[in-house]
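In case you want the letters, here they are:
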Amino acid sequence: MKTLLAPLSRLADFDEIVDVRTPLEYADDHIPGAINAPVLSNEERVIVGTLYGIVAAGLPLTFGITGIVNFALGAFMTLGAYMAWYLTVRVGLPFPVAVVFSVLATMTAGVVADEALFRHTRNNLINGLLVSIGLISVIEAGIAMTWTATPQEMHFVLPGVVH
């Protein structure tokens, strides 16, 4: 089986080496002679890292407070993001106002899900896990039916991103 990893001692065996780290990461440290072709801009790296942090903090926080393993957290975040996009692009609200309404709508959806579904699964990890996985499918299908499954552009939030 071939491996995609090679030690630095084999650096001369390659015609080109592409380093896909962000420009700041590349400036901090890179493979000598590598071409920098970043997958993310510096700003996108911060946004993606922040989202990972929110999800990483949200799962144990949710479990610690409610006793429910809720993997639907990401689906609720997606719902809020599409709501912000819709209110800004389609309805024409200013982005900060759309974010406030999106947070309120997503919070309401979470409370409804908790009262209608998760309330019955408290202290039963398997049932809570199954409900949260099913809820992911329901939320994603609702988003696809209401808006679209195609990622939407919000260039006004982070101008200058490469597509």
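Parameters and conventions
What you see as residue numbers is a count from 1 along each chain, following the sequence as written. For this predicted model, a pLDDT threshold of at least 70 governs which residues receive local features, and a threshold of 80 or more governs which side-chain atom pairs are given and counted, while totals over whole chains, interfaces and linings are taken from all residues. In computing side-chain properties, one takes all heavy atoms of the structure into account and sets aside hydrogens as well as water. Under the DSSP-based scheme used, a helix requires at least four consecutive residues in state H or I and a strand at least two consecutive residues in state E, with every element numbered from the N terminus. Restricting the calculation to C-alpha atoms gives the radius of gyration, and the globule rule supplies 2.2 Å times the number of residues raised to the power 0.38. When a residue's accessible area, from a 1.4 Å probe over protein chains only, is under 20% of the maximum for its type it is buried; when over 50% it is exposed; and in between it is partly exposed. In what follows, a contact means two residues having at least one pair of non-hydrogen atoms within 4.5 Å. The positive count covers Lys and Arg only, the negative count covers Asp and Glu only, and His and the chain ends enter neither. In this description, the location of a charge corresponds to atom NZ of lysine, CZ of arginine, CG of aspartate or CD of glutamate. Every patch collects residues that have over 30% relative accessible area and no salt bridge, joining them within 9 Å if they carry like charges and within 5 Å if they are nonpolar side chains (Val, Leu, Ile, Met, Phe, Trp, Tyr). Here the open area of atoms and residues is found with the Shrake-Rupley method and a 1.4 Å probe, where only the protein chains shown may cover a residue. Basic side-chain nitrogens of Lys or Arg form a salt bridge, by our definition, when they fall within 4 Å of a carboxyl oxygen of Asp or Glu. The length a helix should cover is 1.5 Å for every residue beyond the first. Side-chain rings of Phe, Tyr and Trp (the six-membered ring for Trp) are treated as a pair once their centres are within 6.5 Å; stacked means planes under 30 degrees apart, edge-to-face means over 60, and tilted covers the remaining angles. Nine residue types can take part in a nonpolar core, namely buried Ala, Val, Leu, Ile, Met, Phe, Trp, Tyr and Cys, and a core is a set of them joined through side-chain atoms within 4.5 Å.

### Focus on the overall build of the protein chain
Looking only at helices and strands, one finds 5 helices and 2 strands in the protein chain. Going from the N terminus to the C terminus, the protein chain shows its helices and strands as β-α-β-α-α-α-α. Computed over its C-alpha atoms, the radius of gyration of the protein chain comes to 21 Å, more than 25% above the 15 Å expected for a compact globule of 163 residues. Expressed as lengths along the three principal axes of its C-alpha atoms, the size of the protein chain is roughly 60 × 40 × 25 Å. Within the protein chain, buried positions represent 21% of all 163 residues. Pairs at least 24 apart in sequence give 43% of the contacts found in the protein chain among residues at least 6 apart. Looking at the protein chain, you have 7 positive and 13 negative side-chain charges, and the mean spots of the two groups are 9 Å apart.

### Overview of the side chain of Ser132
Positionally, Ser132 belongs in helix H5 (residues 125–146). In contact with Ser132, not counting residues within four places along its chain, are Val69, Asn70, Phe71, Ala72 and Phe118.

### Side note on a nonpolar patch on the surface
Together, Val97, Val100, Phe101, Leu104, Met107 and Val111 make up an exposed nonpolar region whose accessible area comes to about 530 Å². Mapped onto the elements, Phe101 comes out in helix H4 (residues 95–116).

### Quick notes on helix H3 (residues 73–91)
Given a rise of 1.5 Å per residue, 19 residues ought to cover 27 Å, and the 26 Å separating the end C-alpha atoms of H3 matches this to within 8%. Among all positions in H3, only Ala75, Phe76, Leu79, Gly80, Tyr82, Met83, Ala84, Trp85, Leu87 and Thr88 are buried. Tucked into the core, H3 has its buried residues touching H4 and H5. Positive backbone phi, at 95°, marks Gly92, one or two positions downstream of H3.

### Notes on the packing of aromatic side chains
Across all of its chains, the model carries 3 aromatic pairs by this definition. Geometrically, the ring pair formed by Tyr86 and Trp147 is tilted, given 6.0 Å between the ring centres and 45° between the ring planes. Linking Tyr86 in helix H3 with Trp147 in the segment after H5, this pair joins segments that are 61 residues apart in sequence.

### A closer look at the nonpolar core
In this structure, Phe76, Leu135, Ile139, Ile143 and Trp147 are the most contacted members of the largest nonpolar core, which totals 16 residues. Looking at this core, the elements that each hand over two or more residues are H3, H4 and H5. Counting residues per element, this core draws most heavily on H3, which supplies 7 residues. The contacts of Leu135, once residues within four sequence positions are left out, are Ala72, Phe76, Ala113, Leu117 and Phe118.

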